[in-house]
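Listed here are the chains, written in short residue letters.
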Amino acid sequence: MSGDSLPLYGGGEASSAYTVRLEVFEGPLDLLLHLIRKNEVDIYDIPLSIITREYLEYIRLMKELNLEIAGEFIVMASTLIQIKSKMLLPPTPDEESAEEDEKDPRAELVRRLLEYQTYKDAGVTLAEQEMLGRETFARSFPSPELADMQPEEEPMEVELFELIEAFRAVLDRVSEESFHEVGAESITIAERINEILSLLEGKESLLFDDLFPGELTRDMVIATFLAVLELCKLKMVRIVQANRHGIIWISPAVLDGEDGLSAEELANDEP
Amino acid sequence: MTNLKSIVESLLFVADTPVALDRLCTLLEEFDRGAVRDALTELLDDYGREGRGVTLVEVAGGYQFRTPAENADYLRRLTRVRPAKFSQSALETLAIIAYRQPVTRAEIEYLRGVDSGGVLKTLLEKKLLRILGKKDIPGKPLIYGTTREFLELFSLKDLKSLPSLKEIRDLSETVQYEQQDELPLGPSEVVARSEEVL
Amino acid sequence: MTNLKSIVESLLFVADTPVALDRLCTLLEEFDRGAVRDALTELLDDYGREGRGVTLVEVAGGYQFRTPAENADYLRRLTRVRPAKFSQSALETLAIIAYRQPVTRAEIEYLRGVDSGGVLKTLLEKKLLRILGKKDIPGKPLIYGTTREFLELFSLKDLKSLPSLKEIRDLSETVQYEQQDELPLGPSEVVARSEEVL
């Protein structure tokens, strides 16, 4: 292997001078395995000077191509250099008495490379499995037989990850600081109360979405929302939702409404 | 030899709507229409045998596998234990309460931007939430928290074992190679010098 | 007379995930466990015949109807959806977690040598991974494992039916490699040893 040829041009196919195909490596271990294979050297006796040089050439080329170099590649470069320099030093008496394995500064790296190779191969084996949606198919639509059946009771299935993602979605919509400033927008809220009341005048109900004429701003949504809450508390409007995920309606309050859920009603549901 | 009957059987099984003979022939253009029809007829015959739990029926202008009506009572039991999926609104509400408890309904609704009465009620019914008491502010709103059942659902030892938001955010962040310090890979000062060796 | 075999066939057909024998027995509580098992065995036999377009396979700890691989080309015509393709990094990460679970992000990253936050997040979103909890070591890192969906996707009966790491090593040219038992990353007893998983 001549020092001039870079290890990163993909394949040997004739490519134009301007299209450089950089082989993609998952990380420094992947790159090192590639270099070891390409140079046909013994993994248990890695010629560090060759491998390190080619490794650094790869990083330099990535740099020249303005590619982002992941930190791991740099860390591994330093590790290689460190091992190389250790190998140049005469062993200290301590090291001489140590186990065979510990004496070779490359041992840890070799172990990691072999272990990485194993998992890489395991990944390939995994990809060779009969994959659902690729080699094998199952029925993918909900059976019409069960379509009209209401679940009688509902054991729940949800992953922790989904819970956190849901929380993150909420926080992404509302900045954390504003969480503590609920009262700060009271003037707007008062305005919105009046506007909602006039919108509702003479109507039986309004779509919740109809409360937002024109452009939706976050402040507007919040103010409207708090205004509706306030109106609920004052028992001036009711909020009705046909089913759990249905459309929300606002209607002028009727005494003893059964659908508007207030906190008190919720409390009564709790034994 | 290609087994046309097997292919038709697979297609009918996987398709999400009843498949008409015409559609089958279009999908299997390299086969003779007559051969496709024969395969279908054989399948209708096979699945038409007495006592099968899966039958091939003509429905909505096509053919589809269905289960016989006499087994319906047993199938209903599947729905009884079918795990319910959480709606996004239920998840959001549950998440807000899990991470911010004790919390009032107004706070939940402020964060979600939508009415949450219905979803709170559902979660209370499912015993994933409980009312902790009343908050000592004007209006004395109820405050909510999660229950033991909530912890069980997520196999959590306690509320402290809830993953923090930061841990999940960290997953999608780009590499900070300071993070590598904890790996046994050598002192970081060497990193700076690696350029000089080139 | 009630036809138990027909009922089991219907149940397996209608269920949207693989159904385990235990679940079948729970659903069909009025029937003898032995009778349910016999019905299942008969069905496995029927659907195991050569040339069927629908087969009954054991996957993810249960039984499910699936199509045979030789018909895949025809079935792909039904949907224009390309089958999920996995990147090498996703496969490596899945393999590490499948063999070493429960495993922390730091352990995965040590083995792979690269930041794996992004790929972990993607796999969590695809429900192929789940957060199992927190590891009881300083810093309480999250621990990850594979899901039922992982087994379903790769048509695996259970984790034990993955080829052992030893078999995988024997397949590759690299020979006589003494396995590294532990990662130098925290209390050794918690890290699942790959051999024990299998």
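Residues numbered from 1 in each chain as written. Chains lettered and ligands numbered in written order. Predicted model: local features only at pLDDT ≥ 70, side-chain atom pairs only at ≥ 80, totals over all residues. Heavy atoms only, no water.

Participant: Any chance you could explain the overall build of chain B here in plain terms?
Facilitator: Counting its regular elements, chain B contains 10 helices and six strands. Burial statistics for chain B: of 198 residues in total, 50% are counted as buried. Contacts spanning at least 24 positions in sequence make up 41% of the contacts within chain B whose residues lie at least 6 apart. Counting only carbon and sulfur atoms, one obtains 50% of the accessible surface of chain B, whose full area is about 9,700 Å². (Helix = DSSP H or I, 4+ residues; strand = E, 2+ residues; numbered from the N terminus. Buried < 20%, exposed > 50% of the residue type's maximum accessible area, 1.4 Å probe, protein only. Contact = heavy atoms within 4.5 Å. Areas by Shrake-Rupley, 256 points an atom, 1.4 Å probe, with all protein chains shown as cover.)

Participant: Explain the overall build of chain A here, please?
Facilitator: Across its full length, chain A holds 11 helices and four strands. The 271 residues of chain A split such that 43% are buried. Here the analysis covers contacts within chain A between residues at least 6 apart in sequence; of these, 53% occur between residues at least 24 apart. Carbon and sulfur atoms make up 52% of the accessible area of chain A, which totals about 14,900 Å².

Participant: I would appreciate a short explanation of the sheet that holds strand S6 (residues 142-146) of chain B in the present structure.
Facilitator: Through backbone hydrogen bonds, the strands of a sheet pair up, either in parallel or in antiparallel fashion. All names here are of chain B. Reading across the sheet, the three strands line up as S4-S6-S5 and stay open at both edges, with antiparallel pairing between neighbours. Looking at which strands have only one partner, the edges of the open sheet turn out to be strand S4 (103-104) and strand S5 (129-134). Two strands pair when backbone bridges link them, and S4 and S6 are joined in this way by two bridges, in the antiparallel orientation. Within S6, the position partnered with Val103 by the bridge is Tyr144. Where helix H7 (residues 117-125) meets the sheet, it contacts S5 and S6, and its direction lies at approximately 110 degrees from that of S5. (Pairing = 2+ DSSP bridges. Axes fitted to C-alpha atoms, helices over the stretch in contact; angles between N-to-C directions.)

Participant: I'm lost on the packing of aromatic side chains in this one. Help?
Facilitator: Each aromatic ring pair is specified by the distance between its two centres and by the angle formed by the two planes. If you walk through the whole model with that rule in mind, you get 12 aromatic pairs over all chains. A ring pair is formed by B:Tyr47 and B:Phe65, whose centres lie 4.6 Å apart and whose planes are at 55 degrees; its orientation type is tilted. Linking B:Tyr47 in helix H3 (residues 33-47) with B:Phe65 in strand S2 (residues 62-66), this pair joins segments that are 18 residues apart in sequence. With relative accessibility at 3%, the residue B:Tyr47 sits in the buried group. Arranged with centres 5.2 Å apart and planes meeting at 55 degrees, the rings of C:Phe150 and C:Phe154 form a pair that is tilted. Judged by relative accessible area, C:Phe150 falls into the buried class, the value being 0%. A cation over an aromatic ring shows up here: A:Arg139 above the ring of C:Phe13, its NZ or CZ 4.1 Å from the ring centre. Over the aromatic face of B:Phe86 sits the side chain of B:Lys126, whose NZ or CZ is 5.3 Å from the ring centroid. (Phe/Tyr/Trp six-rings, centres within 6.5 Å; stacked < 30°, edge-to-face > 60°. Lys NZ or Arg CZ within 6 Å of the ring centre and 35° of its normal.)

Participant: What exactly am I supposed to notice about the sheet that holds strand S5 (residues 142-146) of chain C here?
Facilitator: Residue and element names in this part refer to chain C. In space, the three strands of this open sheet follow the order S3-S5-S4, with antiparallel pairing throughout. The two strands at the open ends of the sheet, each matched to only one other strand, are strand S3 (103-104) and strand S4 (129-134). This element, helix H5 (residues 88-100), spans S3, S4 and S5 of the sheet and lies at about 95 degrees to S5.

Participant: How should the interface of chain C and chain A be read in this particular structure?
Facilitator: Interfaces are often sized by the accessible area lost when the parts come together. The interface is formed by 56 residues belonging to chain C together with 45 residues belonging to chain A. Regarding the contact of chain C and chain A, the summed buried area is about 4,500 Å², with carbon and sulfur atoms giving 60% of it. Connecting chain C to chain A are two salt bridges. Its salt-bridge partner being C:Arg112, residue A:Glu26 comes within 3.3 Å of it at the nearest N-O pair. (Buried area = accessible area lost by both parts, 1.4 Å probe. Salt bridge = Lys/Arg side-chain N within 4 Å of Asp/Glu carboxyl O.)

Participant: Help me out: how do you make sense of the confidence of the model for chain B in this one?
Facilitator: Note: predicted coordinates in regions of low pLDDT should not be interpreted at a detailed level. All names here are of chain B. When pLDDT is averaged along chain B, the result is 82; 84% of the residues meet or exceed 70. The low-confidence segment residues 175-198, where pLDDT is below 50, has 31 contacts with residues more than four positions distant or belonging to other chains. If you check the scores for this complex, the pTM reads 0.69 and the ipTM reads 0.73. (pLDDT = per-residue confidence, 0-100.)

Participant: I tried to follow the side chain of B:Glu167 on my own but got confused; where do I start?
Facilitator: Structurally, B:Glu167 is set in helix H9 (residues 165-172). Not counting residues up to four positions away in its chain, the partners in contact with B:Glu167 are C:Lys134, C:Lys140 and C:Leu142.

Participant: Is there a simple way to explain the environment of A:Gln117 in this structure?
Facilitator: As for its position among the elements, A:Gln117 is in helix H6 (residues 107-127). As a C-alpha pair, A:Gln117 and A:Asp30 span 87 residues in sequence and 8.2 Å in three-dimensional space.

Participant: Is there a simple way to explain helix H1 (residues 4-14) of chain B in this structure?
Facilitator: Side chains three or four residues apart in an α-helix point the same way, a direct result of the helix having 3.6 residues per turn. Residues and elements named next belong to chain B. For H1, the tally of buried residues reaches 10 of 11 residues, placing the bulk of the element in the interior. For H1, the full list of buried residues reads Leu4, Ser6, Ile7, Val8, Glu9, Ser10, Leu11, Leu12, Phe13 and Val14. A distance of 3.2 Å separates the backbone nitrogen of Lys5 from a side-chain oxygen at the start of H1, and that oxygen is part of Asn3. (Polar contact = N/O pair within 3.5 Å; in protein donor to acceptor, adjacent residues only side chain to side chain.)

Participant: In this structure, what is going on with the pattern of salt bridges? I would like to understand it.
Facilitator: Pairs can form between side chains of opposite charge whenever their charged atoms are close. Enumeration according to the criterion identifies 39 salt bridges over all chains in this entry. In this structure, B:Asp115 engages B:Arg105 in a salt bridge whose closest nitrogen and oxygen atoms are separated by 3.2 Å. Linking B:Asp115 in the loop between helix H6 (105-112) and H7 with B:Arg105 in helix H6, this pair joins segments that are 10 residues apart in sequence. Given the relative accessible area of 12%, B:Asp115 is considered buried. The exposure class of B:Arg105 is buried, given its relative accessible area of 10%. Among the charged side chains, a network of salt bridges with common partners joins A:Glu26, C:Glu92 and C:Arg112.

Participant: What am I meant to see in the side chain of C:Ser6 here?
Facilitator: Along the chain, the position of C:Ser6 falls in helix H1 (residues 4-14). Setting aside its immediate chain neighbours within four residues, C:Ser6 contacts B:Gly51, B:Arg52, B:Gly53, B:Pro68 and B:Asn71.

Participant: Would you mind going over the pairing of S5(C) with me for this structure?
Facilitator: Remember that side chains alternate between the two faces of the sheet whenever the strand is regular. Taken across its five residues, S5(C) has five buried, putting it largely inside the fold. Burial along S5(C) is two-sided: the residues C:Leu142, C:Tyr144 and C:Thr146 and C:Ile143 and C:Gly145 are all buried.

Participant: Is there a simple way to explain the nonpolar core in this structure?
Facilitator: Grouped burial of nonpolar side chains is what soluble globular proteins tend to show. Within the largest apolar cluster, 89 residues are counted, with the highest numbers of intra-cluster contacts made by A:Leu163 and C:Phe86. Once residues within four sequence positions are removed from consideration, C:Phe86 is found in contact with A:Met131, C:Leu91, C:Leu94, C:Leu123, C:Lys126, C:Leu128, C:Leu153 and C:Phe154. If you look at the next biggest cluster of nonpolar residues, it comprises 56 residues, including B:Leu75, C:Val8, C:Phe13 and C:Leu56. (Core = buried A, V, L, I, M, F, W, Y, C linked by side-chain atoms within 4.5 Å.)

Participant: Help me understand the packing of helix H6 (residues 105-112) of chain C against helix H7 (residues 117-125) of chain C in this model?
Facilitator: Helices that pack against each other are described as a pair by the angle of their axes relative to one another and the distance between those axes. Residues and elements named next belong to chain C. Between H6 and H7, the least distance of the axes is 10 Å, while the angle of their chain directions is 120 degrees. The orientation of H6 relative to H7 falls into the category oblique. Once H6 is placed against H7, the crossing between them reads as right-handed. Taking contact as the criterion, the partners of Arg105, Ile108, Glu109 and Arg112 in H6 are, on H7, Gly117, Val119 and Leu120. (Parallel < 35°, antiparallel > 145°, perpendicular 65-115°, else oblique. Left-handed = near helix turned anticlockwise from the far one by under 90°.)

Participant: Quick question: what am I supposed to make of unusual backbone geometry here?
Facilitator: Working note: non-glycine residues mostly have negative phi, and peptide bonds are mostly trans. Cis geometry is found at the peptide bond from B:Gln101 to B:Pro102, where omega equals -5 degrees. Topologically, B:Pro102 is positioned in the loop between helix H5 (88-100) and S4. Of note, the phi angle at B:Ala60 is positive, near 50 degrees, even though the residue is not glycine. Tracing the chain through its elements places B:Ala60 in the loop between strand S1 (55-59) and S2. A positive phi angle is found at C:Lys127, which is not glycine, with a value near 65 degrees. You can see C:Lys127 is positioned in the loop between H7 and S4. A relative accessible area of 31% means that C:Lys127 is categorised as partly exposed.

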